[in-house]
Amino acid sequence: ITWLIPVIGHLGIADSRGVASDFQGPYTVGEDGRMAFGNPTRALKIDISQLPGGASTWDAAIKDANEVYRGRMHNLCCDNCHSHVANALNRLDITAYGISKFDMVKLAFLVFFRAPFLSLNGFLYQFFPFIIMLVIFLASTAILRL
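Engineer: Can you help me understand the sheet that holds strand S3 (residues 28-30) in this one?
Structural biologist: Across the sheet, which stays open at both edges, the 3 strands sit in the order S1-S2-S3 with antiparallel pairing between neighbours. At either margin of the open sheet sits one strand with a lone partner, and together these are strand S1 (13-14) and S3. Where strand S2 (residues 20-25) meets S3, 3 bridges bridge the pair, whose relative direction is antiparallel. Considered in S3, the bridge of aspartate 22 is made with glycine 30.

As structure tokens, then:
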């Protein structure tokens, strides 16, 4: 999907040790740090130092969201990896990047516009296929007009 619409991509959330969890598909949550579609290309940091309970509260919210999503069917449009992350964040008394009530749309735009790329390869992985497809589309359109 990211190849067609770069603002949409796979999303996970890391615990206080940096181990990622992600809703990978129907009734499946990965929590061993291996995300469903490869290594992360972007990341946002959320300061949990002011969170009551600190790291243990953060980790418990992720664990609880993981348990909920182990019992859910994956739905590309309505209940997906973005919803899983929103579920974890909404369990916390936290405001990050001006947001206190998270949802899949807010998270998609937040990551797209605020998350820095972790490497040049991450940037290319996200945008190169889209650019190639756009060039092919534009070239095809130009040829058909001839």
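Engineer: Sorry if this is basic, but what is going on with the packing of aromatic side chains here?
Structural biologist: Between two aromatic rings, the relevant description is the distance of the centres plus the angle of the planes. Tallying each qualifying case throughout the model produces 7 aromatic pairs. Judged by centre distance (6.0 Å) and plane angle (65°), the rings of phenylalanine 117 and phenylalanine 127 are edge-to-face. Of the two residues, phenylalanine 117 sits in the loop between helix H3 (104-114) and helix H4 (120-145) while phenylalanine 127 sits in helix H4, which places them 10 residues apart along the sequence. Classification of phenylalanine 127 by relative accessible area gives buried; the value is 15%. Through pairs of rings, three or more aromatic residues link up here, namely Phe109, Phe112, Phe113, Phe117, Phe123 and Phe127. A cation over a ring is seen here: arginine 72 above tyrosine 69, with NZ or CZ 4.6 Å from the ring centre.

Engineer: Can you help me understand the pattern of salt bridges in this one?
Structural biologist: Between side chains of opposite charge, pairing is possible as soon as their charged atoms come close. A complete count under the given rule lists 5 salt bridges for this structure. Residue aspartate 15 is joined to arginine 17 by a salt bridge in which the shortest nitrogen-to-oxygen separation is 2.6 Å. The exposure class assigned to aspartate 15 is buried, which follows from its relative accessible area of 14%. The salt bridge partner of arginine 70 is glutamate 31, with a shortest N-O separation of 2.2 Å. Note that arginine 70 is positioned in the loop between helix H1 (54-69) and helix H2 (81-90) and glutamate 31 in the loop between S3 and H1, a separation of 39 residues in sequence. Overall, the relative accessible area of 27% leaves arginine 70 in the partly exposed class. Judged by relative accessible area, glutamate 31 falls into the partly exposed class, the value being 41%. Salt bridges sharing partners connect three or more residues here, namely Glu31, Glu67 and Arg70.

Cut-off values and rules
- Residues numbered from 1 in each chain as written.
- Predicted model: local features only at pLDDT ≥ 70, side-chain atom pairs only at ≥ 80, totals over all residues.
- Heavy atoms only, no water.
- Pairing = 2+ DSSP bridges.
- Helix = DSSP H or I, 4+ residues; strand = E, 2+ residues; numbered from the N terminus.
- Phe/Tyr/Trp six-rings, centres within 6.5 Å; stacked < 30°, edge-to-face > 60°.
- Buried < 20%, exposed > 50% of the residue type's maximum accessible area, 1.4 Å probe, protein only.
- Lys NZ or Arg CZ within 6 Å of the ring centre and 35° of its normal.
- Salt bridge = Lys/Arg side-chain N within 4 Å of Asp/Glu carboxyl O.

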